[in-house]
Amino acid sequence: MLAMELLMSDISDERSSRRVCSRRVLQEAFGGENDTLWLSQVINDKHSAVFVPLVVRAVSRACAYERGGVLSTYVLALSKYREFMKANDFDFVSSLCELINIRPHVFAEALERFPELRRLCISKVKHAIEDAITPNKADAPNDSTAVTILVNSQEYTLPGNLLGAFIVIMSNWQKGETTEESEENNIMALLKQLVTGEKDSVLSTAMRNGKRAVSVGEWVLLATANSDIIAKQAALSVPDIFLPRLLLCCGMSKTSLVTMIERLSKLGESVSDPSKLYNELLSTSAVSEWGLQKGNRITIKKRLHGRIASYLRIFSNAMTDGEQDELNTIERCAFVTWLASEVSTATVKKSDSTTRCFDEIMNSLNSSTPTSLDEESFIDLEDEEIDLSIGERIVIDTCASEGHTRRSADSILTEEFIKSTLAAGEYDLLDKSLEQIKNDSFLRKKKVDTSALVTALMNSYASSNCDHSLVRIVLKFVPQLSQFSCDDTLWQAIFISMAEKSTDEQYLLSLVSGCVTHWSEQGITKASRWILTQIDLNALSMRLVLRFLVASSEQESIGCFHSCDKFESNFVCVQSQENAEFAMKIVLQYLELEMTSDKRLLPTCNEERNNLPDWLILTFILAKSHQQCIVAMIMGTIDSNSSCAPTMYYVLLRLYLTFPTTLQWNDSKVRHYLIEASKCHAKTSLRLRCPLDSQIVEMLHNLGTSPHTRLLQYATDCSKNHSLIVIRHIPTLHERLMSDGLGQEYATTGRVGTRPPAALAQIGDRVVKVSILRWGFSYNESIWSSVLDFMAALPAELLFTYGIDTGVLLVLEDYLKLFYAHVMELGSDECISQLRPKYVTLVKSFRACNSVEFQNWSQSNIAGFGTVQTLLLSKVGTFDS
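The paragraphs below set out a description of the structure included in this document.

Rules of the game
- Residues numbered from 1 in each chain as written.
- Predicted model: local features only at pLDDT ≥ 70, side-chain atom pairs only at ≥ 80, totals over all residues.
- Heavy atoms only, no water.
- Axes fitted to C-alpha atoms, helices over the stretch in contact; angles between N-to-C directions.
- Helix = DSSP H or I, 4+ residues; strand = E, 2+ residues; numbered from the N terminus.
- Parallel < 35°, antiparallel > 145°, perpendicular 65-115°, else oblique.
- Contact = heavy atoms within 4.5 Å.
- Nonpolar A, V, L, I, M, F, W, Y, C, P; charged D, E, K, R; others polar.
- Phe/Tyr/Trp six-rings, centres within 6.5 Å; stacked < 30°, edge-to-face > 60°.
- Buried < 20%, exposed > 50% of the residue type's maximum accessible area, 1.4 Å probe, protein only.
- Pairing = 2+ DSSP bridges.

### Details of the packing of helix α5 (residues 68-80) against helix α8 (residues 104-113)
And then number 1: With their axes 9 Å apart at the nearest point, α5 and α8 run at an angle of 80° to one another. It follows from the interaxial angle that α5 and α8 lie roughly perpendicular. Along the contact surface, α5 presents Gly68, Leu71 and Val75, while α8 presents Val106, Phe107, Ala110 and Arg113.
And then number 2: Here the residues of the contact of α5 with α8 sort into five nonpolar, one polar and one charged.

This is the structure:
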């Protein structure tokens, strides 16, 4: 069980090397052709009832890191564990939708490559939507990200993640050779449920907190979907205000383009003044809904004009002669005619170029000599993908009539741009803007100050409510952009402003780890010094501070602590005793705060090796360089009866097991607290590692094999200096005594007792002599005597308290079994006369040290021998009560 817990811990680790190694170990253990087929074998294992819950939790977390075939296998395996999930309130569909929303590009690739995964996702999303819009559904989800939709004039509620997953799946689905009929039917059913319809489609009515739930970017995804049917339905159902915006994106099919232009033309025909309507669609307020910055209306018209002309050129080259009528129909549409007229009559003050009329461009399509668009339209349309080029943003110049200026990249670094983009839900635009800023050469050459931009991102995230799209942008860009401007404003935004966002703790921890990865050594040092100068620790987010300090310490493994050398690095916290004490105060303050919550502070059994909490790792780092002051602070916390005092016992015990040669066992106060700690965490300490473990195990094994004076003296000295560690390995003595009592050794030197006479047995036609072995009839007296001497040298206050959980009672019972074999079965106590006095002395010490445990033990029963008390008071034990 412990091995499985450790493997599951590794398989969900952030480090890919650990995940790969754990999958290979599981492949060898359960079998399979590759390192993921073990998932299907776990259910058939005899321990499946215990293993499946561990696998589900670990694999669910691992899905956040894997991609491709491994991700597909994991999701398919989780779907097969539905019975367990339902019994444990684990919602597979909700988890799947959340994964798709967090990693849309990874899932899009996986859905295209793996048909089985695609069919599963489509089926689950379809059934989830059908369940959500079931009439009279009572248990509507209580979620701040939930979306309300109107179906047949009745309002229903959908989980926000479900709607996002639907859009990702629909925009990437395409009918192919591997498409099954049931899969296509499910897609068509989803399309009919949410997308089909003009103006009154269900998707266009989706609202979240009073705002449109489907952003412009998501409508762009649907309008440029791989399937022409889906793209056309999206073009029919998109809100009117977004129609011109969708015409600016690239990658549309001819069907989508024609559908949107026809919709715009019909809108114009339905009113008395089409020009007024079209200008309203391109007004400042309307463009703000697109998620773009305010722009010059003339420039927007020119971009639309150039984009449509480019599409017509592309489609014209691919059309046959019989399809030219459709092209001519588009040319004569009301919206296209109005747009061509507006562009041709506008005066644009830029160089000496003028915009060519739309009729001239259309005539060039049919001519043998290819003609190009006007310079600005052509260049802009070739460079942009979905959104307008950021470097080409247009702002209204109030001083110049109909003039405009190109906006430099520096002007994008504004908090207003961040707020307006997020308010409109244009996450794709923000992503592309930040990507350009990051990649632009001016960041490397001019070292532009990005602190205002990063601070704006962090402040927007601090005021948001679990917005996964914003989370993705923050995690991606804040660490990268902040490396150029690392100052106290940024540190306050991360370590102080985020203190209240406890629900997003895992995202914030990843953010801090990303910052450490991207920041320079100088930036990390400055941030660490800033933390150590903060007076009000309560204002800090302790969890994030601890993660930052641990990540910046370069401490990669718990195994590094076992070295006796001091921690040599540029880590600020260990450069002076004052810094170490302040860092330890942060740890203690964090523990004080968390003791009042329901959070688990101490690591579980499967986390004691790898996934140690940050506060414990930082304590190890500090203690390695400043052990005396750290131990003093820990014992001072225990003395003060603080709420975290029980936790400090565990910390002190782990420090001793990690640094057994430097932490002073001979100090009476330290020894007292370690003994108390061992009593509180006896079972836990048995799973922990110590650098002296292998040495002590080898010593005890030799003591139980060929004891001699020098070895016994060494074992006695070790038991005095490292009693706590030695007692952890008492089971080694029990195993050795039981093995010796069998009398299977060929060597007879040092052995006392006797063996039953050989018996004759007939096997078929043959008669063979059989040697019968009875446990305890023959034993090595020096081994059994040395074990008693060794145990007598251990402190009784530790042996009969902490040792109760490590197996000392088993050793005491071994001697009672041996005495019983000689007294009651062989009828002589001559062979045990040297052992019994030592044993009686040890048992009396037990009674005097811990009378309660002694009484419980004496009332216990040894299978096949009777109660312990009966054996002790009889001639077997000759114990004087």
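Let us keep going from here.
### Topic: the packing of aromatic side chains
And then number 1: One pass over the full model with this rule turns up 19 aromatic pairs.
And then number 2: With centroids separated by 5.9 Å and ring planes inclined at 75°, the aromatic side chains of Tyr779 and Trp784 adopt a geometry described as edge-to-face.
And then number 3: For Tyr779, a relative accessible area of 0% gives the class buried.
And then number 4: Classification of Trp784 by relative accessible area gives buried; the value is 0%.
And then number 5: Linked through ring pairs, Trp775, Tyr779, Trp784, Tyr815, Phe819 and Tyr839 together constitute an aromatic cluster.

### Overview of unusual backbone geometry
And then number 1: At Asn641, a residue that is not glycine, the phi angle is positive and equals roughly 55°.
And then number 2: Take Asn641: it is sitting in the loop between α34 (627-639) and α35 (645-658).

### Side note on the environment of Ala759
And then number 1: Inspection of the secondary structure puts Ala759 in strand β8 (residues 759-763).
And then number 2: Residue classification places Ala759 among the partly exposed residues on the basis of a relative accessible area of 26%.
And then number 3: Measuring from C-alpha to C-alpha, the distance between Ala759 and Ile772 comes to 7.5 Å, with 13 residues separating the pair along the chain.
And then number 4: If sequence neighbours within four positions are ignored, Ala759 has contacts with Val768, Lys769, Val770 and Ile772.

### Concerning the pairing of strand β1 (residues 147-151)
And then number 1: Side chains of β1 alternate between two faces, with Val147, Ile149 and Val151 buried and Thr148 and Leu150 left unburied.
And then number 2: Inspection of the sheet shows β1 paired to strand β2 (residues 154-158) by five bridges, in the antiparallel sense. Paired with Ile149 across the bridge in β2 is Tyr156.
And then number 3: Between β1 and β2, which pair antiparallel and follow one another directly, the connecting turn spans two residues, one of which, Asn152, has a positive phi of 55°.

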